[in-house]
Amino acid sequence: MTKKIALISGDGIGPEVTKQGMKVLEKLEEISDVDLEFEEFPFGAEHYLDTGELVTDEAKEELENFDAIYLGAVGDPRVKPGVLEHGILLDLRFSFDQYINLRPVKLLDSRFSPLKDKEPQDIDMMIVRENTEGLYAGVGGFLKEGTKDEVATQEMINTYKGVERVTRYAYEYAQKRNDEKKLTLCDKSNVLTYAHDLWQRVFEEVGANYKDVTMDHMLVDAITMKMVRNPEDFDTIVTCNMFGDIITDLGAEIQGGMGLAVSGNINPEGVSMFEPVHGSAPDIAGENIANPLAAILAAGMMVKELGWEEEGEKIETAVQRSLQNDYSTPDMGGNLNTDEVGDHICSILE
Ligand code: NAI
Ligand code: MG
């Protein structure tokens, strides 16, 4: 069945890297039964400067009819910081209730990890981050702002519904990801005795339906140490919004940095959005030197989540092969340009 993809290539290097992702997806369609239909949306700095529009309500209604959004990056020096990021990226995440942030941490070649003696089989985990609540819900306020008596609060919102749905998703994920079938809850339940008590109870309750999944629990501070020392101990991790923000960036570094980090903002019942983790890199935009591998891997992740598991895996394998042979951009130690890397991935797929 044809899946409909909305392409938002965005700003800076966004269009350059998603172009390579598109090339790879088209090649994949040629050689497999993956069947995609694309429509491009113009959201980003240029469109905003021309029209004053970020993402309109009409556009969101239209996007409802798509199976997924493939996003480059947004952010432009001509626009006040935060305007595009909030008005496009965060707005889409919230409007489509993308309550899961899925962040694979997978080392493709041992040379790229800053950790000594770690091989690809040692660093291979999936982090499932709650994406809508916690400390990021924007609830709080000031009292006596700007005085020496000032009080500032930021409340950590944890709803049963929010915790249950992300936990259930994580169990499902752990169950199908590999034979290990292990799910680690990352929290701070020893100190956050209300908020993370709820997480603990929900983790137990939902886990009762997934008897074949091994339940594991670790405090967030212990996790940061263990991700560095013994990353091989992790399989699937589920965590709240803030801890997820931090440990996914730690994960990105141990697997080789932003050049390879990808992110899925998932609503399993709705429209999900896939993107490289890096930003629009205005400092190198237009030079055909941006590393397109994260955007290509994000395309692979999208294909997997749309149900073509094996085909998405093929993209990942092709990226791994090209890295091993140093067919990459200078930031990964190679000497190809953006286009050439895309072409090379296509030729491996072929
Ligand atoms: P950035 O990720 O765009 O760039 C940081 C550094 O990494 C720069 O030196 C850049 O040249 C390099 N870099 C990034 N991606 C690269 C790639 N694919 N290949 C080679 N080098 C790469 O982060 P920065 O500079 O903090 O932000 C720039 C703009 O991007 C800002 O407007 C920011 O708000 C936005 N941004 C957007 C994101 C998104 O759309 N998801 C995420 C992060 C930042
Ligand atoms: Mg972050």
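None of the values given here were measured: they were computed from a predicted structure. (Residues numbered from 1 in each chain as written. Chains lettered and ligands numbered in written order. Predicted model: local features only at pLDDT ≥ 70, side-chain atom pairs only at ≥ 80, totals over all residues.)

1. Side note on the sheet that holds strand β9 (residues 214-219)
Taken in spatial order, the 10 strands make up an open sheet running β2-β1-β3-β12-β11-β4-β5-β10-β8-β9, and their pairing is mixed. Lying at the two open borders of the sheet, with one neighbouring strand each, are β2 (36-40) and β9. On average, each strand axis in the sheet is tilted by 25° relative to the strand beside it, whichever way the strands run. Sheet contacts for helix α5 (residues 160-177): β4 (100-106), β5 (124-130), β8 (182-187) and β10 (236-239); angle to β5, the most-contacted strand, approximately 165°. (Pairing = 2+ DSSP bridges. Helix = DSSP H or I, 4+ residues; strand = E, 2+ residues; numbered from the N terminus. Axes fitted to C-alpha atoms, helices over the stretch in contact; angles between N-to-C directions. Contact = placed C-beta atoms within 7 Å.)

2. Remarks on the UniProt feature "domain: Isopropylmalate dehydrogenase-like" (unreviewed entry) in the protein
In the UniProt entry, the feature "domain: Isopropylmalate dehydrogenase-like" (unreviewed entry) is given for residues 4-345. Overall, residues 4-345 shows 40% helix and 19% strand. The separation of its end C-alpha atoms is 23 Å. (UniProt positions renumbered as here; feature names shortened; annotations may be inferred.)

3. Observations concerning the site of ligand 1
Residues in close proximity to ligand 1 total 22 residues, the closest being Ala73, Gly75, His278, Gly279 and Asn291. By residue class, the composition of the shell around ligand 1 is 12 nonpolar, 6 polar and 4 charged. (Near = placed C-beta within 6 Å. Nonpolar A, V, L, I, M, F, W, Y, C, P; charged D, E, K, R; others polar.)

4. Topic: unusual backbone geometry
The phi angle of most residues is negative, glycine excepted, and most peptide bonds adopt the trans form. Unusually for a residue other than glycine, Asp97 sits at a positive phi of about 45°. Along the chain, Asp97 falls in the loop between α4 (83-95) and β4.

5. Observations concerning the nonpolar core
Core analysis: the biggest nonpolar cluster contains 94 residues, and Ala68, Ile69, Leu297 and Ala299 have the highest contact counts within it. Counting contributing residues, this core receives three or more from each of domain 1 (1-96 + 270-350) and domain 2 (100-260). When sequence neighbours within four positions are dropped, the list of residues in contact with Ala299 reads Gly21, Val24, Leu25, Tyr70 and Ile315. (Core = buried A, V, L, I, M, F, W, Y, C linked by C-beta atoms within 7 Å. Buried ≥ 20, exposed ≤ 12 C-beta atoms within 10 Å, placed from the backbone. Domains from an automatic or database assignment.)

6. Things to note about the packing of helix α9 (residues 293-305) against helix α10 (residues 309-324)
The contact between α9 and α10 brings their axes to 7 Å, and the two run at 165°. Here α10 runs roughly antiparallel to α9, going by the angle between their axes. For the crossing formed where α9 meets α10, the hand is left-handed. Along its contact with α9, which presents Leu293, Ile296, Leu297, Ala299, Gly300, Met301, Val303 and Lys304, the element α10 presents Glu309, Glu311, Gly312, Glu313, Ile315, Glu316 and Val319. (Parallel < 35°, antiparallel > 145°, perpendicular 65-115°, else oblique. Left-handed = near helix turned anticlockwise from the far one by under 90°.)

7. Observations regarding α9
Taking 1.5 Å per residue as the helical rise, α9 with its 13 residues ought to reach 18 Å, and the 18 Å between its terminal C-alpha atoms agrees with that figure. Every buried residue of α9 is listed here: Leu293, Ala294, Ala295, Ile296, Leu297, Ala298, Ala299, Gly300, Met301, Met302 and Val303. Looking at the residues trailing α9, positive phi occurs at Gly307, about 115°. (Expected span 1.5 Å × (residues − 1).)

8. Section: helix α7 (residues 220-229)
Inspection of α7 places Val220, Ile223 and Met227 among the buried residues, and these make up the whole buried set. End-on view of α7: buried residues confined to an arc of 45°, all on one side of the axis. Those residues of α7 that are exposed and aimed more than 90 degrees away from the buried face are Ala222, Met225 and Arg229. Lining the buried residues of α7 we find β8, β9 and α8 (241-254). (Arc of directions from axis to C-beta.)

9. Quick notes on the domain arrangement of the protein
Parsing the protein into structural domains produces domain 1 (1-96 + 270-350) and domain 2 (100-260). Here domain 1 and domain 2 have C-alpha centroids that lie 25 Å from each other. Facing the 14 residues of domain 1 at the interface are 8 residues of domain 2. Broken down by secondary-structure element, the contributors of at least two residues to the side of domain 1 that touches domain 2 are α9 and α10. Here the residues of the side of domain 1 that touches domain 2 sort into 8 nonpolar, 4 polar and 2 charged.

10. Points about the environment of Val83
Here Val83 lies in helix α4. By the C-beta count within 10 Å, which is 15 here, Val83 ends up partly exposed.

11. Some remarks on the environment of Gly10
Within the secondary structure, Gly10 sits in strand β1 (residues 3-10). For Gly10, a count of 29 C-beta atoms within 10 Å gives the class buried. A C-alpha to C-alpha distance of 13 Å links Gly10 and Val277, two positions 267 residues apart in sequence. When near neighbours in sequence (up to four residues on either side) are disregarded, Gly10 contacts Gly44, Leu71, Gly72, Ala73, Val74 and Ser280.

12. Observations concerning the confidence of the model for the protein
Scored by pLDDT, the protein has a mean of 97; 100% of the residues are at 70 or more. ipTM for the predicted complex: 0.97, alongside a pTM of 0.96. (pLDDT = per-residue confidence, 0-100.)

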